[in-house]
Structure formats: C-alpha cells, structure tokens
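# Overview (structure and organization)
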Amino acid sequence: MKRYQAVRGGTGDLTKPDVNTRVQDNLYLAVNSKWQKDAVIPADRTEIGVNTAIDMRIEKRMMSDLDKMVSDNKVPAIKNLDKAVTLYKIAKDFAKRNKDGAAPIQADLKKLDALKDFAALNQDANELDEVYGLPFGFEVEADMKNTKVHVLEFAGPGTFLPDTTSYKQEDASKLLAILQKQTVKLLTMAGMSEEKAEKYVAAGLKFDQKLAKVVKSTEEWSDYPATYNPYSLSDFLAKIKSFAMRDFLKELLPALPDKVIVMEPRFLDHFEKLINPDNFDEIKGWMVIKFINGLSSSLSQEFREAGFPFSQALSGQGELIPQERHAYYVANGVFDEVLGIYYGKKYFGEEAKADVTDMIKKMINVYEDRIQNNDWLSENTKKKAIVKLRALVLKIGYPEKEEKIYDLLQVDPAKSLYENEKALSKITTKYAIDKLTKPVDRSVWLMPGNMNNACYDPQRNDITFPAGILQAPFYDLHQSRGQNYGGIGATIAHEISHAFDNNGAKFDEFGNMKNWWTDADFKEFNKRTQAAIDIYDGLSYGPSKLNGKQVVAENIADLGGLTCAIQANKVDKGSMKELFENYARSWAQKQRPEAIKTEIAVDVHAPQPTRVNIPSQCQDEFYETFDVKPSDGMWLDPEKRVRIW
C-alpha cells in the first residue's frame, strides 16, 4: 500500500530541515537538511546557501584586492581598472559622504520641486528623464526579426511594489505605508517641509496605483516573444497626444527610426490617460518618490539607513549592507566587465577553461544525440534544431576585450559619489541609445567574469559561463566527473536547453524570431510545455505558491539540463549517485520568508530548493540509482514524468 500518492516535489516542507529524510522521499532534504538545520542567514543578507557562499567568496576576494590597490596606490595593468578603483575609493569614503549630507542632491531636488506644470515637463522632458526618470522608457536592442540591426523598444515603468500582483496581496497597504513614511523622512532630511513631502508622496502613490493596473506582470514579461509588437513611428506617435513625444525622441536619439517595438501595448493604449496635464501633480509626486529613494544609498550613512525600511520589509534583511560591500557594489555596478576581466585573469586558469570547454562540447554532442533520437520530432524539425545547436557561440570565463563604453567613462575624485554616478549614468545611457544607428556587436558579453551565474541569449544564440560560477560545488578540476556533471554539467545543459524552451524555440540559429517547426511538432511541444507548467503550478514553498506559467522557461531548462547531464555522465562512466547528490547540494538555500515572497513575485526562476526534486523525479535514472518505489515520497508514475528534451 502506498504511503504517498505521486507527490510533486517530494514529501515534506523544503523550508524545514529533517535530518531523518530519505533520498527516496525527498532528495533535497535528504542531502541538505544537516546543513540547513545549522545554517544561519547573515544579518545583512536575505539568504544563505551554495550560491550565496560563492557570491561571498567572490566579493571577499574582490574587496580585499581593491583595498590593497587603494592602500598600495598600485593598480594592475588592466585597461580602465584604475577608474573602478577610484570609484570604489569614493564610495567607501564615508567621512566625506557623511560630512556632505544632502548637499550633493540639493540643486537637483530644488529643480524637481520647482517644476510647475505639464508644459514645463514637456519643455524639459529630456533633462528630467536623464536625472529623475519619466514614467516610461526606451531601450535599444537587437531587432528580434533581424538581429544584425538595432531597434528602438518602448515600455512602461516598474511599480513601487515588486510586481503588479503584489497590490492584490494582504500586506500591500502595509508595505506602501512603509514606503510613504520612508519617503517623507528622506525628503525632510533633504530640507523639504513635512507638509510638502506628504503631499508629494500621496500624489505619487496615487499614480503608482494607476500604473499597477496597466503595466505588465512578471508572468506576462516571461513571454519574451510577446514583447515584439512593431509600430510605425507615425502610428506610435498617434497614440500620444499630450506629451511631446516626437520632440523628446528627436533630442534623445541619433536619428528618428521608422518603427518602434512596443513591448507593452496595453501601456501604450493607456498612455494618454496616464501622461496628461490633469495627472501632472501625481506624475511629479511619482518622480519625487522615485528620485529620493533611488539616490539615498549614494549619500551619507544616515541617508542609507533612512532609505532601508522599505527594502527591509520586502526582503526581511536584518541589517543594512556593510559600507565596504556597498562600495564594491557601486564600483562593480558601473565597471563590472572591467572587474570581471581582472577576476577572470587572476582566479580562473587556462586548465579549468579547457576542461569546461570540453564539457560543453560533450554536452552539445549529447544534446545532438538526444535530438536525433527524439521520438516526437519530425526529421525536418530535428535537422533545423541541430543546425541551431551547432551554431551556438560559447563564451567561457571572461571576454578577451571590454566594450568601448569603458573608455568613455570618467571618474572625478574631486566630486561626490552622487555627482559621479549621475555623470556616469548619462554617458552610459547615451552610449546605449546611440547604438540605434550602429550594427549589432555579437561579441558583447551579457555577464561579467566575476558573476556567479550563466545565461543563454536567444538573439545572439550564445551561452555565457563566467569564471565566477566555475568553482565548487558547481565545478572543480579535483571533483569527480559525476559531481561536476551534477553541478556545472547540469548548468551547461540548462543553458543549452534555453535555446529550445518555450521562448528560445521561436528563434533560429541567427537569433531571429522565426518559425522553424512543423505545425504538428510545435503542437506537441506546446503540449509538453503545458505539462511543465502544470507540474510546478501551485507548488508550495514557504509563504507562497509557484506560478507555473511564470517559471516555465527556466523549468524546461532544468528538466532538459539534468536529463542531458545524466546522459553525458553515462558516457564518461561517472557515478550517478554523486551526480544527483551534487545536483541537490548545488541548489542548497535558506531564505527569509519575506525574501521568498518577493522572489516568487518577481523571478522567472523557481526558488532554488524547488529546482531539485521535480527534475529528479522526471528521470528514470533517479529511480534506478536509489531504488525508488511506488510507496516512496519521490515516486511519480511514469506517465506523470515530464520529458521534453
């Protein structure tokens, strides 16, 4: 008789350790409970786990190295690294920052306060957007239909709460009240009267509520191809009456484009109702809230502390990030590629790079074999999929050269952190917008070498594995093959799988959005995608439940990634037990409840612990390795196991 009935994700609560758990009942808890029971989340963090430990290791190395560069007044011969060191030094100088107080922002705050009406907003729109941010945005990206050229994209702004769905939660009013109180305090600290501050905040929160009913939710954003909605420039401008959009674009862009890609058509349809003279006070209030909260971390320690409560309420973080780490984040936020090249050259060896490259090539071969022997694809679709697979560009460790933007950036040690960040942001924005009339540079990396992450870019058809992630327990030259396949092997195959997830499957080998499927094959693919949605949807984790549709692309990649890692491990005769155990270990994580709630609202990834059991439950090899029986908690009937790649 069964003790359990086909438990999705295994039995038990992943947030509650149980050292007596068997692998057969819950793989994640069996491997991680002992660690989880004793793990303590640092007061200045929202979580602890394998990924956090790697992040902390990278940060410790980088901060120690930067401090030595500052104290020795000697910077390694890496292009533009001196600028990053100077910015780090400025950010870390809290004696000056505390002495300056609100002085660095006084002129900009007074200018915003003096904005008198919608006509003035229209007249100074570009300058206002540059400093304070208007409630809409433009970006320049590769055209999804022709990735050789750039295109202008248009979207609405983010909301003050993490997601549009957050406004329907029970604690929405409590969170907004914290933001209201925090903003009034910041404004009064900056010299504004409390009465005026309260009026601005009340008006701005009203506008935010209007935005929340119109802009996209995270679930909607997770459908990447659905953001491609081309409008002719004339049709786009015809939707906008009150705001002088043509004048704004003429000043913003190197040349007016023929078309605009509207990423949020619903927002454009409501643009006139939102951005008009009647709503001026609310728009201005919204800009004030956004401005003062956005820059609080660039001022004194007192301002940093005053700007912390809202973030703390969303994350559960016990303490503010220490000053030194904050300074590193500031420098890395601007010069990440430069610091990543430094990190890669110092901490990532050629032997490791060659070994990881070999693993990736083996994984691509495994993937090709799986596609070739796939039992639900037609031969025509198989051929097209293999062409795309073989066209994948590999980016491993760190780039050989940095983007040209870093030559343009300048840091002035005589100016405040706020003044420097403002000037740097202006250059960065112009550089990004000016790409509109230039060809796409496919050599650009989406991630720096010091990042603990990996990614697939559907518009470049490339996969990036920074040096930061290429360390234990994901990868180590001295780990067994089984452990490495359970760690970085599954991650490699995960990123390859993104080329064939519900979004990636709509792009060809050149990164162009193009249908290369037969109708019958795509119908079957969608059926299997729905199964991937259903198996995760509603799964409980801490105080929240997963939205299967929101996280489906990442879950398809997890399912395919583990399947391919298992096959590659078989070829290399690695231990399957070590593979599954290290796979579970690599996702170990302990989070604050508030952080779980925010993450589930805004992330297209499922929380890390939930990414262990379901992919494992869908592998026949898991049942064979651990002798899992129908009476065990990890059992799923064969017909309920999701298989795509």
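See above for the structure.
Now for a look at the structure at hand. (Residues numbered from 1 in each chain as written. Predicted model: local features only at pLDDT ≥ 70, side-chain atom pairs only at ≥ 80, totals over all residues. Heavy atoms only, no water.)

This paragraph deals with the pairing of strand β5 (residues 259–262). Both strand β3 (residues 146–155) and β5 contribute to a ladder of three bridges, which runs parallel. Across the sheet, residue Glu153 finds its bridge partner in β5, namely Ile261. (Pairing = 2+ DSSP bridges. Helix = DSSP H or I, 4+ residues; strand = E, 2+ residues; numbered from the N terminus.)

Attention shifts here to helix α9 (residues 194–212). Look at α9: 27 Å from first C-alpha to last across 19 residues, which is about the 27 Å you get at 1.5 Å a residue. Inspection of α9 places Ala197, Tyr200, Val201, Ala203, Gly204, Leu205, Phe207, Asp208, Leu211 and Ala212 among the buried residues, and these make up the whole buried set. Structurally, α9 contributes buried residues whose contacts are with α5 (106–113), α8 (172–189), α13 (265–269), α14 (271–274) and α15 (280–295). (Expected span 1.5 Å × (residues − 1). Buried < 20%, exposed > 50% of the residue type's maximum accessible area, 1.4 Å probe, protein only. Contact = heavy atoms within 4.5 Å.)

Each neighbour pair has its own omega, and for Ala472 with Pro473 the value is 5°, a cis peptide bond. Its location among the elements puts Pro473 in the loop between β8 (462–466) and α23 (481–497).

A few words now on the nonpolar core. Of all hydrophobic cores here, the largest spans 114 residues; its most connected members are Leu81, Ile496, Phe500, Phe622 and Trp645. Per-element tally for this core: the top contributor is helix α18 (residues 323–347), with ten residues. Contacts of Trp645, omitting those with residues within four sequence positions, involve Tyr367, Arg370, Asn374, Trp376, Leu377, Phe500, Trp517, Phe525, Ile556, Gly560, Thr563 and Cys564. Grouped together as the second largest cluster of nonpolar side chains are 73 residues, Met192, Leu211, Phe236 and Met287 included. (Core = buried A, V, L, I, M, F, W, Y, C linked by side-chain atoms within 4.5 Å.)

Our next topic: the sheet that holds strand β6 (residues 393–397). Across the sheet, three strands lie side by side as β6-β8-β7; this open sheet has mixed pairing. If you trace the sheet from one side to the other, it starts and ends with β6 and β7 (455–457), each paired once. Direction aside, neighbouring strands of the sheet carry axes that sit 15° apart on average. When β6 meets β8, the two strands line up parallel, connected through five bridges. Paired with Leu394 across the bridge in β8 is Ile463. (Axes fitted to C-alpha atoms, helices over the stretch in contact; angles between N-to-C directions.)

With respect to the element layout, Ala91 can be found in helix α3 (residues 81–92). In this structure, the C-alpha to C-alpha distance between Ala91 and Ser416, residues 325 residues apart in sequence, is 8.6 Å. Aside from chain neighbours lying at most four places away, what touches Ala91 is Arg97, His326, Ala327, Val330 and Leu417.

On to the packing of aromatic side chains. The relation between two aromatic rings is expressed through the spacing of the ring centres and the mutual angle of the planes. Taken as a whole, this structure holds 38 aromatic pairs when the rule is applied. Taking 5.8 Å as the distance between ring centres and 80° as the angle between the ring planes, the aromatic pair formed by Phe622 and Tyr623 counts as edge-to-face. There is no split in this pair, since Phe622 and Tyr623 are both buried. Pairwise contacts between aromatic rings join Phe136, Phe138, Phe154, Phe236, Phe243, Phe248, Phe267 and Phe271 into one cluster. For Lys216, the ring lying beneath its charged end belongs to Trp221, and the centroid distance is 4.9 Å. (Phe/Tyr/Trp six-rings, centres within 6.5 Å; stacked < 30°, edge-to-face > 60°. Lys NZ or Arg CZ within 6 Å of the ring centre and 35° of its normal.)

One open sheet accounts for four strands, arranged β2-β3-β5-β4; its pairing is mixed. The sheet is open, and its two borders are formed by β2 (137–143) and β4 (230–232), each paired with just one other strand. Pairs of neighbouring strands in the sheet enclose a mean axial angle of 40°, with direction left out of account. Pairing between β2 and β3: seven bridges, direction antiparallel.

For the rest of this paragraph, the subject is the environment of Ser497. Note on placement: Ser497 falls in helix α23. Apart from the residues lying within four places of it in its own chain, the contact partners of Ser497 are Tyr367, Ile556, Ala557, Gly560 and Gly561.

Moving on to the pattern of salt bridges. Oppositely charged side chains may form a pair once their charged atoms are brought near each other. Taken as a whole and judged by the stated rule, the model has 42 salt bridges. Between Lys362 and Asp572 there is a salt bridge whose closest N-O contact spans 3.3 Å. Remark: Asp572 occurs in the loop between α25 (552–571) and α26 (576–586) and Lys362 occurs in helix α19 (residues 350–372); sequence separation between them is 210 residues. Here Arg481 ties to Asp572 by a salt bridge, and the two come within 3.2 Å at their closest N and O atoms. On the criterion of sequence distance, the pair formed by Arg481 in helix α23 and Asp572 in the loop between α25 and α26 is long-range, its members being 91 residues apart. Note on Arg481: relative accessible area 21%, which makes it partly exposed. You can call Asp572 partly exposed: its relative accessible area is 23%. Taken together, the salt bridges that share partners define one network made up of Asp355, Asp358, Lys362, Arg481 and Asp572. (Salt bridge = Lys/Arg side-chain N within 4 Å of Asp/Glu carboxyl O.)

On to helix α27 (residues 593–602). Of the positions making up α27, those classed as buried are Ala595, Ile596, Glu599, Ile600 and Ala601. Of the surrounding secondary structure, the elements contacted by the buried residues of α27 are α10 (218–221), α17 (309–315), β9 (540–541), β10 (544–545) and β11 (589–591).

Below, the discussion takes up the packing of α8 against α9. Between α8 and α9, the least distance of the axes is 9 Å, while the angle of their chain directions is 140°. Between α8 and α9, the interaxial angle falls into the category oblique. Classified by chirality, the crossing of α9 by α8 is right-handed. Note on element contacts: α9 touches α8 through Glu194, Ala197, Glu198, Val201, Leu205, Asp208 and Gln209, opposite Leu176, Leu179, Gln180, Thr183, Val184, Leu187 and Thr188. (Parallel < 35°, antiparallel > 145°, perpendicular 65-115°, else oblique. Left-handed = near helix turned anticlockwise from the far one by under 90°.)

The computed volume of the second largest pocket comes to approximately 510 Å³. For the second largest pocket, the lining is made up of 24 residues, of which Gln169, Ser544, Lys597, Thr598 and Ala601 are closest to its centre. Those elements that provide at least two residues to the lining of the second largest pocket are α8, α17, β10 and α27. No other element matches α27, which puts six residues into the lining of the second largest pocket. (1 Å grid on protein atoms, 1.4 Å probe; cavity = no way out; pocket = protein on both sides within 12 Å on 5 of 7 lines; lining within 4 Å. Points joined across faces, edges and corners; volume = space filled by probe spheres on them.)

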